[in-house]
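# An overview of the molecular structure
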Amino acid sequence: MLAPKKIDKVFLLFPPVRLYKETMKLVFPPLGVSYIASVIRNEVNVQIMDAVAEGFYNEMELDEDFIVYGSSYKEILARIEEFKPEILGITCLFSSVFPIVREICKMVKSLDPNIITITGGTYPTFCAEELLQKEPALDMIVLGEGENTMLEIIRALRQGQGLGNIDGLAFREDGKIRIN
């Protein structure tokens, strides 16, 4: 049995977007994190940051092919540091956004290594094992719909239970990647 963890605050992030320069920039509702927040808000204090909408005009050229637009890493980290969550959940809809998710996880772990980092969305759902192997700063991946899975994670961690019975979750256990 694991030691129970204090889980009182969850920060949900719709991250900046990395895309091909010729693609039109868009702001679309962060439905995934909004749905998750609606399910967990009676259990924890939850905060959402839509980095795309909040930083739409903040654009950075990455190379000759790609740009990133949205709130800066500095702005995102400042919000996380101010809120002091125990869990950070980040949406990752496309493979082009994973490098941003990865960088944010690394920065958050350097800020506070105890913050549990979780991502979910279309891309990580199909590449969970590979992504957990690539990035040690990423603790868990929620597969498919995340509302009930996130609620179960919070409850299991609070009670000191293992994560092995939570459907739709990929994580590390005893140095191995486990996919439920």
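Preceding this section is the structure that the text describes.
Report follows, based on the coordinates. (Residues numbered from 1 in each chain as written. Predicted model: local features only at pLDDT ≥ 70, side-chain atom pairs only at ≥ 80, totals over all residues. Heavy atoms only, no water.)

### Looking at the overall build of the protein chain
The secondary structure content of the protein chain amounts to seven helices and 10 strands. For the protein chain, whose C-alpha radius of gyration is 16 Å, the value lies close to the compact-globule estimate of 16 Å for 180 residues. Referenced to the eigenvectors of the C-alpha coordinate spread, the extents of the protein chain come out at roughly 50 × 30 × 30 Å. Out of the 180 residues in the protein chain, the part that is buried amounts to 48%. Across the protein chain, every contact between residues at least 6 apart in sequence was considered, and the portion connecting residues at least 24 apart equals 69%. Taking the average place of the 19 positive charges on the side chains of the protein chain and the average place of its 26 negative ones, the gap between the two points comes to 5 Å. (Helix = DSSP H or I, 4+ residues; strand = E, 2+ residues; numbered from the N terminus. Rg over C-alpha atoms; globule rule 2.2 N^0.38 Å. Buried < 20%, exposed > 50% of the residue type's maximum accessible area, 1.4 Å probe, protein only. Contact = heavy atoms within 4.5 Å. Lys, Arg positive; Asp, Glu negative; His and termini not counted. Charge placed at Lys NZ, Arg CZ, Asp CG, Glu CD.)

### Thoughts on the sheet that holds strand β3 (residues 45-50)
Strand order in the open sheet formed by seven strands is β3-β1-β6-β7-β8-β9-β10, with mixed pairing between adjacent strands. Each having just a single partner strand, β3 and β10 (176-179) make up the two edges of the open sheet. Along the sheet, successive strands turn relative to each other by an average axial angle of 20 degrees, direction set aside. As paired strands, strand β9 (residues 169-173) and β10 are joined by four bridges and run antiparallel to one another. Residue pairing for β10: E173 is matched across the bridge by K176. (Pairing = 2+ DSSP bridges. Axes fitted to C-alpha atoms, helices over the stretch in contact; angles between N-to-C directions.)

### Overview of the state of the cysteines
Tallying each qualifying case throughout the model produces zero disulfides. In this structure C105 is not part of a disulfide, and its nearest cysteine sulfur, from C92, lies 9.5 Å away. (Disulfide = S-S within 2.5 Å.)

### Regarding the pattern of salt bridges
In this structure the tally under the stated criterion is nine salt bridges. Across the pair R155 and E43 runs a salt bridge whose closest N-O atoms are separated by 2.7 Å. Remark: E43 occurs in the loop between α1 (31-40) and β3 and R155 occurs in helix α7 (residues 147-159); sequence separation between them is 112 residues. Its relative accessible area of 39% is what places R155 among the partly exposed residues. Ionic pairing is found between E54 and R79, a salt bridge with its closest N-O pair at 2.7 Å. Of the two residues, E54 sits in helix α2 (residues 51-54) while R79 sits in helix α3 (residues 73-83), which places them 25 residues apart along the sequence. Beyond isolated ion pairs, a larger network of salt bridges with shared partners links E43, R155 and R158. (Salt bridge = Lys/Arg side-chain N within 4 Å of Asp/Glu carboxyl O.)

### A short note on the packing of aromatic side chains
Counting across every chain of the model gives three aromatic pairs. On the numbers, 6.2 Å between centres and 55 degrees between planes, the contact of F11 with F83 is tilted. Pair noted here: F11 is in strand β1 (residues 9-14) and F83 is in helix α3, with a separation of 72 residues, a long-range link. By the burial criterion, F11 is buried, and F83 matches it. Note on F56 and Y69: the rings are 5.6 Å apart at their centroids and 85 degrees apart in plane angle, and the pair reads as edge-to-face. With F56 in the loop between α2 and β4 (59-61) and Y69 in strand β5 (residues 66-69), this residue pair connects regions lying 13 residues apart in the sequence. Residues F56 and Y69 agree in their burial class; the two are buried. The ring of F83 carries K9 above its face, with NZ or CZ at 5.3 Å from the centroid. Positioned above the aromatic ring of F66 is the side chain of R18, whose terminal nitrogen or guanidinium carbon lies 4.3 Å from the ring centre. (Phe/Tyr/Trp six-rings, centres within 6.5 Å; stacked < 30°, edge-to-face > 60°. Lys NZ or Arg CZ within 6 Å of the ring centre and 35° of its normal.)

### Focus: the nonpolar core
L13, L88, I104 and I141 are the most contacted members of the largest nonpolar core, which totals 30 residues. Residue assignment for this core shows that the elements contributing at least two residues are β1, α3, β6 (87-91), α4 (98-111) and α6 (128-134). If you tally residues by element for this core, the top one is α4, at six residues. Discounting residues that sit within four places of it in the chain, L13 has contacts with V33, M49, A51, I76, L88, G89, I90, T91 and I104. (Core = buried A, V, L, I, M, F, W, Y, C linked by side-chain atoms within 4.5 Å.)

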